[in-house]
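# Residue-level structure breakdown
The residues making up each chain are set out below.
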Amino acid sequence: MNRSPETMSEISTTHEGAVAHIRIERPHKRNAISDSVILAIEAAFAALPESCRAVVISGQGDHFCAGLDLSEIKGRTSVEGLHHSRQWHRVFDQMEKGTRPIVAAIHGACVGGGMELAATCHIRVADETAFFAFPEGARGIFVGGGGSVRAPKLIGTHRMLDMMLTGRVYKAAEAVPVGFAQYLVPAGGAVAKAMELAQRIATNAPMTNYALIQALPRITEIPADHGLLMESLMASVVETAPEAQARVQEFLDGRGPKVKAS
């Protein structure tokens, strides 16, 4: 196992084989995202080596991420607020539409901007301590990190409306079945499960992972006939890649793994 720690401000990155683990290290603020943190996240992803094929993102201490650092929005003008929001959009878009699948390991607070960060990831693992909320209504603000676009796709528009209007908090056991995360694990087990999934993802053919990240979300947002054409184009590109051809031949020769019930 190769572990090479790198520190970027309030973000750390370690490597385990083909998987990078990016961690927010601001526990005194419950890992709230400041301007410096969002830029450090961007820098951490930009610095990943070619050998990295999947990423796990987590938070240090008792929480994943308690959202936006509200101390930084006090006194901002509307123009400054606009540019601040668009900065989050830029960074999260780069993550969501990048070249590497991202697995979020969630424990404790996943609130507001923390949920926006989690929704940017492709897979979310929550442990039993996790809780989810959008407290923007009580704060007198509105989501600004892409939450109005990404979260309703996971949990539904009216569930998000309820959360923002009433301050409703979902605990992990009830949150996972409605879409906040895909996996629920015992307390303290989120990072280990996320790493297990990421290591598995990293063994996939790179072009398949790329196609899934780039094409699948777009296909679901366009008319069906357009989506079917994009599907055909992506399928033809992916299946003709040399690695795909080799894996298909392994299966045909009886050497490839077969799907079995868990």
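This one's a predicted model, so the numbers in the text were calculated from it and none came from an experiment. (Residues numbered from 1 in each chain as written. Predicted model: local features only at pLDDT ≥ 70, side-chain atom pairs only at ≥ 80, totals over all residues. Heavy atoms only, no water.)

With that settled, the discussion passes to the pairing of strand E3 (residues 19-24). Counting buried positions over the six residues of E3 gives five, a clear majority of the element. From the end of strand E2 (residues 11-16) to the start of E3, which pair antiparallel, there are two residues, and Gly17 there has a positive phi angle of about 65°. As paired elements, E3 and strand E4 (residues 54-59) share six bridges and run parallel to each other. Directly across from Ile24, in E4, lies its bridge partner Gly59. In the classification by handedness, the crossover that spans E3, the intervening helix H1 (residues 35-46) and the parallel E4 is right-handed. (Buried < 20%, exposed > 50% of the residue type's maximum accessible area, 1.4 Å probe, protein only. Helix = DSSP H or I, 4+ residues; strand = E, 2+ residues; numbered from the N terminus. Pairing = 2+ DSSP bridges. Right-handed = clockwise from strand over helix to strand, strands pointing away.)

Tallied over the entire structure, the rule returns three aromatic pairs. The interplanar angle of 35° and the centroid separation of 4.9 Å between the aromatic rings of Phe132 and Phe180 together place this pair among those described as tilted. In this pair, Phe132 is assigned in strand E8 (residues 131-133) and Phe180 in the loop between helix H7 (172-175) and strand E10 (183-185), connecting sequence segments 48 residues apart. Taking relative accessible area as the criterion, Phe132 reaches 0% and is therefore assigned buried. The buried category is assigned to Phe180, whose relative accessible area is 0%. A network of ring pairs unites the aromatic residues Phe132, Tyr170 and Phe180 as a single cluster. (Phe/Tyr/Trp six-rings, centres within 6.5 Å; stacked < 30°, edge-to-face > 60°.)

Further remarks concern helix H5 (residues 147-155). If you check which residues of H5 are buried, you get Gly147, Arg150, Ala151, Pro152 and Ile155. Packing partners of the buried residues in H5 comprise helix H2 (78-96), helix H3 (113-120) and helix H6 (157-166). Positive phi shows up at Gly156, right after H5, with a value of about 95°. (Contact = heavy atoms within 4.5 Å.)

Once that is clear, we can look at the pairing of E4. Burial runs high along E4: six of the six residues are buried. As paired elements, E4 and strand E5 (residues 102-106) share three bridges and run parallel to each other. The residue of E5 that forms the bridge with Ile57 is Ala104. Each parallel crossover has a hand, and for E4 linked through H2 to E5 it is right-handed.

To continue, consider the confidence of the model for the chain. Across the chain, pLDDT averages 92, with 96% of residues at or above 70. Confidence drops under a pLDDT of 50 for residues 1-7, and excluding neighbours within four residues, the segment shows 17 contacts in the predicted structure. (pLDDT = per-residue confidence, 0-100.)

All right, on to the nonpolar core then. Counting 46 residues, the largest nonpolar core has Met95, Ile106, Phe132 and Phe134 as its most contacted members. Look past the residues within four positions of Met95 in its chain and what remains in contact with it is Ile41, Phe45, Ile57, Ile102, Leu117, Thr120 and His122. Core analysis: the next-biggest nonpolar cluster, separate from the first, contains 15 residues, Val125, Ala190, Leu197 and Ala198 among them. (Core = buried A, V, L, I, M, F, W, Y, C linked by side-chain atoms within 4.5 Å.)

Close contact between H3 and H5 brings their axes to 9 Å; oriented N to C, the two are set at 65°. Here H5 runs roughly perpendicular to H3, going by the angle between their axes. Relative to H5, the crossing made by H3 is left-handed. Along the contact surface, H3 presents Met115, Glu116, Ala119 and Thr120, while H5 presents Gly147, Arg150 and Leu154. (Axes fitted to C-alpha atoms, helices over the stretch in contact; angles between N-to-C directions. Parallel < 35°, antiparallel > 145°, perpendicular 65-115°, else oblique. Left-handed = near helix turned anticlockwise from the far one by under 90°.)

With that settled, the discussion passes to the packing of H2 against H3. Two numbers describe how H2 lies on H3: the axes approach to 9 Å, and their chain directions differ by 30°. By the angle between their axes, H2 is roughly parallel relative to H3. Mapping the contact onto sequence places Trp88, Phe92, Met95 and Glu96 in H2 and Gly113, Glu116, Leu117 and Thr120 in H3. Of the residues assigned to the contact of H2 with H3, the class counts are four nonpolar, two polar and two charged. (Nonpolar A, V, L, I, M, F, W, Y, C, P; charged D, E, K, R; others polar.)

By secondary structure assignment, the location of Arg26 is in the loop between E3 and H1. Looking at Arg26, the relative accessible area reads 8%, which means it is buried. Within the structure, Arg26 has its side chain in polar contact with the side chain of Glu10 (distance 3.0 Å). (Polar contact = N/O pair within 3.5 Å; in protein donor to acceptor, adjacent residues only side chain to side chain.)

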